[in-house]
Amino acid sequence: MPIDFKVPIFDVKNLNFSARGQQILTRISLEIFNGEYIAIIGPNGGGKTTLIRILLGLNKPKSGEVKLYGKKIKDFKEWWKIGYVPQRVSLVDENFPATVGDIVKMGRVSKQNFFSRFSHADKTAVEDAMKKMDVLNLKDKMIGTLSGGQRQRVMIARALASNPEILILDEPNTGVDMVSQKRFYALLSRLNKDEKITIIFITHDVGVIADDIGRLFTINQQVTICNTPKETLSCDEMSALYGIETHSIRQHKHHEH
């Protein structure tokens, strides 16, 4: 899909962040544009999740500037435009008393007052989100009875229920088998190409989608931006240096869906 390079969705300039006396991010500057498909990799403790939390306004940087859609983060109000799937979100308690439909409905709350009536538009959006992630047939199942791959798709459907323009995922494949991962990556690619959703995600398993990624950000206190992920990911040193699973450094064929 064509990338819109006019105004960046995220515009980060000279960002610094420290916690408990330790420098986590140093002089981070980057731009993310509408329609991009970006993977973020890096060693554990390198600052990947911290960067995402700053982009979402959940952590405040020590210095530097973050703009969303051209607005300073403190002035940005349209948070429904961003769907966020945090780490380990699919590892829910098996006894959690909610159906798949209940979970996905929660994604509409950001669009409305919590106590307002669930409208026809809300119902349609929830069903569409479940269809996109291929979980509509599970809507009456209890979330705790599902496999890791099914839960993963349900949690992404919840993020899609507000019809976001951006989807941010933090290591979404935790506890998910390889077959489910391939299906998941195919769905992500479709969201980017067909639904025109900007995708940003943290992963250790980036080799399997080298063909789909537009750019690769390596975060290890500082940022390295790579515009040719396929060439970079074929390098064994990347695997050793940044903790990518070596079995996944291979070309991903699109017919494996």
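The present account deals with the structure reproduced in this document. (Residues numbered from 1 in each chain as written. Predicted model: local features only at pLDDT ≥ 70, side-chain atom pairs only at ≥ 80, totals over all residues. Heavy atoms only, no water.)

1. Focus: the packing of helix α4 (residues 148-160) against helix α5 (residues 178-193)
Step number 1: For the pair α4 and α5, the least separation of the axes is 10 Å and the interaxial angle reads 20°. The orientation of α4 with respect to α5, classified from their angle, is roughly parallel. Here α4 and α5 pass one another in a crossing that is right-handed. The residues of α5 that touch α4, namely those facing G149, Q152, R153, I156 and L160, are S180, R183, F184, L187 and L191. (Axes fitted to C-alpha atoms, helices over the stretch in contact; angles between N-to-C directions. Helix = DSSP H or I, 4+ residues; strand = E, 2+ residues; numbered from the N terminus. Parallel < 35°, antiparallel > 145°, perpendicular 65-115°, else oblique. Left-handed = near helix turned anticlockwise from the far one by under 90°. Contact = heavy atoms within 4.5 Å.)

2. Here's the deal with the pattern of salt bridges
Step number 1: Counted under the stated rule, the structure contains 8 salt bridges.
Step number 2: The salt bridge involving K74 is made with D75; its shortest N-O contact spans 3.6 Å.
Step number 3: We classify K74 as exposed; its relative accessible area is 63%.
Step number 4: Taking the shortest distance from any N to any O, the salt bridge between E78 and K81 comes out at 3.4 Å.
Step number 5: Residue classification places E78 among the partly exposed positions, given a relative accessible area of 29%. (Salt bridge = Lys/Arg side-chain N within 4 Å of Asp/Glu carboxyl O. Buried < 20%, exposed > 50% of the residue type's maximum accessible area, 1.4 Å probe, protein only.)

3. With respect to the environment of W79
Step number 1: Relative to the elements of secondary structure, W79 occurs in the loop between β5 (71-72) and β6 (82-85).
Step number 2: Once the C-alpha coordinates of W79 and G57 are considered, the two residues, 22 residues apart in sequence, prove to be 9.8 Å apart.
Step number 3: Ignoring any residue separated from it by four or fewer positions in sequence, one finds W79 in contact with L55, L56, G57, L68 and I73.

4. Quick word on the pairing of strand β8 (residues 198-202)
Step number 1: Most of β8 sits inside the fold, with 5 of its 5 residues counted as buried.
Step number 2: Burial of the side chains of β8 extends over both faces: T198, I200 and I202 are buried on one face and I199 and F201 on the other.
Step number 3: Both strand β3 (residues 37-41) and β8 contribute to a ladder of 4 bridges, which runs parallel. Bridging from a neighbouring strand, I40 pairs with I202 of β8.
Step number 4: Two elements, strand β7 (residues 166-170) and β8, share 5 bridges in a ladder whose sense is parallel. Bridge assignment links I168 to a residue of β8, and that residue is I200. (Pairing = 2+ DSSP bridges.)

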